Amino acid sequence: MYPIRQSILYRMNMLPQACYLLLVFLLTVSVLKSQPNTTIDLVKPKQYSNRSLPAEKTGDKKFTLSRRIYQNTVTRFNYYFNANKRLNEVIERARAAHKDDYTQLLSFYDYSLDVTSKDETDSIIYKCNAGILLHDLRSDWVDNLYMLMGQAYLLRKDFDSATAVFQYINYAFAPKDDGYDLPLGSNASNSNGVFTIATDETRSFLKRITTTLPSRNESFIWQLRTYLEQHKPAEAAGLLEMLRTDPKFPQRLQTSLHEMTSYWFYQQEVYDSAAYHLTKALTNSLSKQTIARWEYLAAQLYQLAGKDNEAIQLFERSIRHTTDPLMEIYARLNIVTISNGRKDNTLQENLTGLLRMARRDRYEAYCDIIYYAAAKLELQQKHEATAERLLLSSIKFSHDNPGQKQQSFLLLGDLNYDRKAYAAAYRYYDSVEASLLRQGEQERITARKPALQIITENEITIHREDSLQKLALLPPAERNAAAKKALRQLRKEKGLKDADADSPSGSDNLPTTPSLSDLFNNSSADFYFLNASLKARGAGEFKNRWGNRPNTDNWRRQSALDRSFPSETQQVARQKVQPENKSLTEAPFTLEALLANIPLTSAQQDLSTTTTIKALLGNAIAFQHQLEDYPSAIGMYETFLKRFPESAEVEKALFNLSICYQKTDAFAKADSVRHVLNTLYRNGQYTAQLRKAQPGNQAEAASRQYETIYRLFIEGQFDAARNAKLAADKQFGKSYWTPQLLYIESVWYIKQRQDSLAIDRLQEIISLFGKSAMAVRAAAMIDVLKRRTEIESYLTNLNIQRKEDVVTRGIDLNAPVTAATTVKKQDTLTVTAAPKEIQAQAPPTDKKTAVISNEVYTFTPTDTHYVMIIMDKVDPVFVSESRNAFTRFNRERYTSQQINSTNIALNKELNLLLIGPFANAGTAVSYIEAARPLAKTQIVPWLPLDKYSFTIISPANLSILQNNKDMAGFRTFMQKILPD
């Protein structure tokens with residue numbers, strides 16, 4: 001953010017010289033009040049202890065008019081001007097280094113303090129110190145120098161020093177009454193019933209044209225910025241509220257106040273409020289591009305808040321104002337995303353607009369991004385072929401943007417992977433430079449690429465062997481004709497002449513006619529490439545000089561070509577090592593070589609069949625174990641079983657197929673396959689493995705495993721629990737999940753604000769356990785999560801004033817220790833007001849009250865008591881959820897009363913949930929008798945029974961327990977009084 005008042009100072013600096021002389025004249029003829037008195041406290045080196053700086057002599061001389069003019073002029077133009085210029089240069093360099101990613105939510109400011117903190121801000125602070133210390137402190141520019149100093153500390157991320165400077169400005173330059181400070185907000189600063197903390201900027205015309213505005217009001221804005229950069233929302237919110245309601249806070253700073261308010265909401269993720277205030281602060285930007293950027297950010301915030309109409313309007317405004325083509329492209333793309341489904345032709349209109357942009361010279365450097373965005377729009381319309389062509393165009397036009405090029409390759413790979421074109425997907429993934437991608441994208445490529453390489457090679461093998469077997473079934477004449485046709489095509493691809501395919505041996509003998517010195521200097525009227533004789537002569541000349549090279553013009557890739565097309569010696573050596581993998585690409589390009597590869601004998605046919613089986617099973621295993629794409633694995637296993645039902649690998653394929661069916665919840669098919677295994681391969685190796693994993697044994701093992709995972713979640717070991725659950729899911733599938741496990745997992749995701757994952761787990765509860773009590777709770781939680789932003793915004797803006805209540809002793813001295821009946825719905829319990837903080841209360845020594853005591857604790861039945869739920873090794877996340885559950889129970893069960901609950905952490909393992917306080921011990925016990933039977937089924941069904949227990953406790957005993965932490969001793973004491 002530019003320093004406040006920069007625009008005003010800029011205009012003053014640009015005034016014509018005559019106007020400036022006029023201002024100097026007005027300064028000389030006016031008698032103006034100087035800055036409030038400020039002092040300095042310096043610790044000088046010993047050798048300078050007897051020397052005084054001009055700032056220390058401030059009170060020694062009168063601040064005459066001539067002295068005032070001299071001090072103001074020198075301070076302003078020698079120190080303030082240069083310091084302000086350097087500060088602006090630091091910000092501009094940070095802006096130049098900043099690059100926005102329009103696919104993500106933009107940062108609030110277009111520069112980073114991490115960059116400014118590494119720049120030369122020390123010189124700014126030095127200039128400010130010199131300007132203050134070397135001049136009279138009554139100068140009109142002292143407060144401005146302090147402001148620059150605070151801003152420099154902020155840009156340096158020295159937040160404590162920045163806060164100290166802004167607080168000093170607030171104190172030292174506050175309104176004075178005959179030299180004395182006025183207590184702000186008190187009756188001393190009360191004017192007609194108005195309390196204010198701001199400095200009144202109402203001034204006469206003469207003062208307005210001869211003096212600068214006070215910096216104190218601006219220091220509040222920068223103090224807000226400092227709080228926000230330190231992530232102190234509470235302090236910032238308090239100051240914001242004071243300034244917002246201050247009637248004397250100047251109108252000129254209202255846009256800056258809106259800016260800070262928007263920044264506060266931005267950090268709190270209250271996106272609609274952040275966008276609203278940001279639109280009010282647009283005029284605070286000094287450039288058209290900065291305005292466009294904030295409009296784009298406000299549109300993003302409205303989009304996140306679900307206010308699509310406002311988002312579309314602001315995206316359109318940013319398109320009109322921006323000078324950055326990238327912003328325009330992504331703004332159009334976002335408009336399409338929002339408008340999809342609202343207007344039939346919106347997507348096509350923006351797609352046409354993007355393609356029109358690609359044809360304009362202005363956007364030539366951004367064609368790769370434009371085509372990429374257009375491809376994503378085509379994918380929304382399910383036009384995959386068109387999207388692939390656009391992505392290839394994006395790669396073609398990508399020259400100086402490697403990041404975008406990788407995104408295009410990645411999307412091409414994902415597109416082909418989704419439509420199961422695995423060979424193409426592997427080629428595109430192999431072209432990606434993974435280091436330029438985000439972490440999640442790198443992990444996706446790393447996980448897929450090895451398996452896709454295997455699948456691609458196996459697909460080539462299967463296609464080749466199937467083609468050769470089809471050729472073997474043809475009559476000899478048709479087989480030879482097909483072989484010659486294939487040979488001509490292969491030789492043409494390798495740059496060899498077609499005529500060789502007609503020779504019996506297919507040799508590469510070249511014409512012996514001597515080549516001409518100049519092939520184009522001939523008397524024939526035929527075009528060179530239409531003259532067969534000249535072409536043959538040219539080919540011979542080339543081969544004599546350069547050898548038999550592939551048809552390529554990129555000599556830098558010769559080493560790669562040598563690997564792709566090995567020499568004849570390398571081919572022979574490779575065939576000796578792996579004769580079964582002999583391929584057409586490794587054989588000489590002759591008719592005999594092609595015919596030799598066709599499996600005509602029984603041995604060749606067996607080898608071809610074995611190669612095909614190996615490739616099919618290799619693909620199936622890659623799908624199953626590496627990609628975990630069980631439907632594709634099922635397809636490969638089923639294809640194998642249909643084609644080769646007599647193979648020795650059938651048992652292994654059936655075993656793996658049963659597992660894949662189990663993973664996809666096709667339990668009937670899995671049982672059918674197991675039945676076939678038990679029938680056909682009763683004594684087989686894989687059938688024995690299957691018997692070891694019978695459903696009964698597996699269910700028992702799965703139950704034990706998920707019980708362990710369940711407890712890890714409850715105890716707060718979330719990383720270990722998630723890893724164990726992933727491993728268990730791979731082994732057992734989803735059949736052994738429990739609604740309790742899914743619920744506590746969703747609560748953890750909610751705490752981490754990963755709402756999509758939480759909703760996914762809650763929907764699993766509804767789909768798998770629709771008749772359980774947890775399903776109703778899950779449906780309610782999903783509804784709340786979908787309205788999370790709305791609810792949080794409401795609660796954030798809600799202003800609640802609580803009355804401070806105290807815990808009191810019950811007045812009924814004859815109240816029984818236990819209740820006679822169980823509490824029913826809408827029964828009445830005597831509940832006292834909840835305390836703000838639970839404090840100790842010494843029990844009275846009333847002779848009419850039965851008091852039981854040991855050396856530590858005292859039990860008085862008529863004391864107010866809490867119901868205490870002791871939670872052992874339960875993470876605070878689930879302690880809070882338990883509190884919410886009991887709050888809901890109390891609200892539904894006791895509709896006419898308010899029963900409060902409080903969480904207290906006793907130590908690292910024990911957490912206490914206090915409910916009440918109740919009027920006496922008997923009423924508290926009655927509550928336990930009503931709540932305990934329902935806790936395991938309705939209130940906290942997801943919490944294991946051994947993780948919590950009920951008891952009662954008085955405020956006095958609670959204070960003692962919090963001090964000595966002896967829960968075992970307290971339980972022993974209470975069990976003697978209330979054994980049940």
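Residues numbered from 1 in each chain as written. Predicted model: local features only at pLDDT ≥ 70, side-chain atom pairs only at ≥ 80, totals over all residues. Heavy atoms only, no water.

Which residues make up the overall build of the protein, and what are the values?
A count of helices and strands for the protein gives 41 helices and eight strands. Each of the 980 residues in the protein was classed as buried or not, and the buried ones make up 45%. Within the protein, residue pairs in contact and separated by at least 24 positions form 68% of the contacts whose partners lie at least 6 positions apart. (Helix = DSSP H or I, 4+ residues; strand = E, 2+ residues; numbered from the N terminus. Buried < 20%, exposed > 50% of the residue type's maximum accessible area, 1.4 Å probe, protein only. Contact = heavy atoms within 4.5 Å.)

I'd love a proper account of the packing of helix H5 (residues 122-133) against helix H6 (residues 142-155), names of residues and values included.
Interaxial distance between H5 and H6 falls to 9 Å at its minimum, and their mutual angle equals 160°. When the axis of H5 is compared with that of H6, the two are roughly antiparallel. In this structure, the crossing between H5 and H6 has a hand that is left-handed. Every residue of H6 that contacts H5 at Ile124, Ile125, Cys128, Asn129, Gly131 and Ile132 is listed here: Leu145, Tyr146, Leu148, Met149, Ala152 and Tyr153. Taken together, the residues that form the contact of H5 with H6 break down as ten nonpolar, two polar and no charged. (Axes fitted to C-alpha atoms, helices over the stretch in contact; angles between N-to-C directions. Parallel < 35°, antiparallel > 145°, perpendicular 65-115°, else oblique. Left-handed = near helix turned anticlockwise from the far one by under 90°. Nonpolar A, V, L, I, M, F, W, Y, C, P; charged D, E, K, R; others polar.)

Pulling in residues and values, what's your account of the sheet that holds strand E8 (residues 948-953)?
One open sheet holds the four strands; their spatial order is E6-E7-E5-E8, and the pairing between them is antiparallel. For this open sheet the edge positions go to strand E6 (901-905) and E8, each flanked by a neighbour on one side alone. Looking at each pair of strands side by side, their axes are set apart by 25° on average, direction ignored. In this sheet, strand E7 (residues 910-918) lies alongside strand E5 (residues 865-872) in antiparallel orientation, the contact comprising seven bridges. (Pairing = 2+ DSSP bridges.)

I'd like to hear about the confidence of the model for the protein, residue by residue, with values.
Across the protein, the average pLDDT comes to 75, with 71% of residues at 70 or higher. Taken as a whole, residues 563-587 scores under 50 in pLDDT and shows 20 contacts with residues more than four places along the chain or in a different chain. Between residues 833-848, whose pLDDT stays under 50, and residues either more than four places distant or in other chains, the model counts 32 contacts. (pLDDT = per-residue confidence, 0-100.)

Break down the pattern of salt bridges for me, citing the residues and quoting the values.
What the rule picks out here adds up to 24 salt bridges. Where Glu384 meets Arg419, a salt bridge forms, and the shortest distance between an N and an O atom there is 3.7 Å. With a gap of 35 residues between them, Glu384 in helix H18 (residues 384-396) and Arg419 in the loop between helix H19 (402-418) and helix H20 (422-430) connect regions that are remote in the sequence. Across the pair Asp671 and Arg674 runs a salt bridge whose closest N-O atoms are separated by 3.0 Å. On the criterion of helical spacing, the pair formed by Asp671 and Arg674 is a turn pair, its members being three residues apart in helix H30 (residues 667-680). (Salt bridge = Lys/Arg side-chain N within 4 Å of Asp/Glu carboxyl O.)

Give me the pairing of E8: which residues, what numbers.
The buried count for E8 comes to five of six residues, which makes it a mostly enclosed element. As paired strands, E5 and E8 are joined by six bridges and run antiparallel to one another. Pairing of Met871 across the sheet is with Tyr948, part of E8.

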